Amino acid sequence: MEADILKFFLAFVVLINPFAALSLFIEITKHGTASQKRKVALISAVALFITILIFTLVGDNLLKALGISLGSFRVAGGLLVLLIAIGMMNGSGNTAKPSTEKHELDNVVFNGVASAVVPLTIPMVIGPGGISTVIIYSAGAKGFVEMLAIIITGLILSIMTYISFMMASQVSRFLGETGLNVLNRVMGMLLAAVAVEIIVAGLRGIFPQLIG
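Residues numbered from 1 in each chain as written. Predicted model: local features only at pLDDT ≥ 70, side-chain atom pairs only at ≥ 80, totals over all residues. Heavy atoms only, no water.

Now for the overall build of the protein chain. Secondary structure assignment for the protein chain yields nine helices and zero strands. If you list the helices and strands of the protein chain from N to C, you get α-α-α-α-α-α-α-α-α. Expressed as a percentage of its 212 residues, the buried residues of the protein chain come to 42%. Long-range pairs, those at least 24 residues apart, make up 89% of the contacts in the protein chain between residues at least 6 apart in sequence. When the accessible surface of the protein chain is totalled, it reaches about 10500 Å², and 68% of it is carbon and sulfur. (Helix = DSSP H or I, 4+ residues; strand = E, 2+ residues; numbered from the N terminus. Buried < 20%, exposed > 50% of the residue type's maximum accessible area, 1.4 Å probe, protein only. Contact = heavy atoms within 4.5 Å. Areas by Shrake-Rupley, 256 points an atom, 1.4 Å probe, with all protein chains shown as cover.)

Below, the structure is given as structure tokens:
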């Protein structure tokens, strides 16, 4: 089970990347008290875990209800993830998530709980790529152990999100803009590898006779 958790963690951490949302968290909480900031961080972390939990539990049934094969969804999701990865490596960030350029955040003000869920958690922390990946892995899970591994991974990422938000100012100062850009590009490279694995798995499901 430890190997499953590590596999899912490595796949999810490059998509569900709380460090990419640090600037947005700082902006929406800059007018809040320490207690309010802590509350926003906690709500965001809980919302992330609930989102992962829901799509883990309903992912397979959702695909069946829509009449979509797992292979087709893997190829589509893999292509989406690959586009995100290319954008990250090019320095344009996650193209499936809102921009966090300073001039675009100037009008964002603290408004309590609502900001913690939207836009901070959804789609900034977990966007279409992250949700698609959760559905792909949950739909392809082999038994209860792998499903539990996905849920535990979601819990670990939620705790990471809370800690990173609580240390947002320190992390942002330590890494700086250059450090965050380098981290984003490294994450993009890892994400591209994950995308290729997802696409290959999808093609293998659709064309088993072509890909052994």
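Anyway, onward from the coordinates.
Before going further, it helps to spend a moment on the confidence of the model for the protein chain. The share of residues in the protein chain with pLDDT of 70 or more is 85%, and the mean pLDDT across the chain is 82. Contacts from residues 102–109, a stretch scored under 50 in pLDDT, to residues over four places away or in other chains number eleven contacts. (pLDDT = per-residue confidence, 0-100.)

For Met166, the location among the structural elements is in helix α8 (residues 144–166). A relative accessible area of 32% places Met166 in the partly exposed class. It is 9.6 Å that separates the C-alpha atoms of Met166 and Phe25, two residues lying 141 residues apart in sequence. Residue contacts for Met166: discarding those within four places in its chain leaves Lys37, Arg38 and Ala41.

It is worth spelling out unusual backbone geometry at this point. Residue Pro119 is reached from Val118 by a cis peptide bond, and omega for that bond is 10°. Note that Pro119 resides in helix α6 (residues 113–125).

A few words on the nonpolar core. Core analysis: the biggest nonpolar cluster contains 47 residues, and Phe12, Ile16, Phe25, Leu120, Tyr137, Phe165 and Leu191 have the highest contact counts within it. Top contributing element to this core by residue count: helix α9 (residues 168–206), with eight residues. Among residues more than four places away in sequence, those in contact with Phe165 are Pro18, Ala21, Leu22, Phe25, Ala41, Ser44, Leu120 and Val125. (Core = buried A, V, L, I, M, F, W, Y, C linked by side-chain atoms within 4.5 Å.)

Moving on to the packing of helix α4 (residues 70–89) against α9. The interhelical angle for the contact between α4 and α9, taken along N-to-C directions, is 160°, at an axis separation of 7 Å. When the axes of α4 and α9 are compared, the pair comes out roughly antiparallel. Handedness of the crossing formed by α4 with α9: left-handed. Classifying every residue of the contact of α4 with α9 gives 18 nonpolar, six polar and two charged. (Axes fitted to C-alpha atoms, helices over the stretch in contact; angles between N-to-C directions. Parallel < 35°, antiparallel > 145°, perpendicular 65-115°, else oblique. Left-handed = near helix turned anticlockwise from the far one by under 90°. Nonpolar A, V, L, I, M, F, W, Y, C, P; charged D, E, K, R; others polar.)

Here we take up the packing of aromatic side chains. Each aromatic ring pair is described using two quantities: the centre-to-centre distance and the angle formed by the ring planes. Applying the stated rule across the entire model yields two aromatic pairs. A ring pair is formed by Phe25 and Phe165, whose centres lie 4.7 Å apart and whose planes are at 0°; its orientation type is stacked. With Phe25 in helix α2 (residues 22–28) and Phe165 in helix α8, the pair connects residues that are 140 residues apart, well separated along the chain. Accessibility classification places Phe25 together with Phe165 in one group, the buried group. (Phe/Tyr/Trp six-rings, centres within 6.5 Å; stacked < 30°, edge-to-face > 60°.)

It is at 8 Å that the axes of helix α3 (residues 34–66) and helix α7 (residues 128–139) come closest, and there the two elements cross at 60°. Regarding the angle of α3 to α7, the classification is oblique. Relative to α7, the crossing made by α3 is right-handed. Residue-level inspection shows Thr51, Ile52, Phe55, Thr56, Gly59, Asp60, Leu62 and Leu63 of α3 in contact with α7, the latter providing Ile131, Val134, Ile135, Ser138 and Ala139.

Further remarks concern the pattern of salt bridges. Taken as a whole and judged by the stated rule, the model has one salt bridge. A salt bridge links Lys64 to Asp60; the shortest N-O distance between them is 3.3 Å. One end of the pair is Lys64 and the other is Asp60, both in helix α3 and four residues apart, which spans about a single turn. When its relative accessible area of 29% is taken as the criterion, Asp60 is described as partly exposed. (Salt bridge = Lys/Arg side-chain N within 4 Å of Asp/Glu carboxyl O.)

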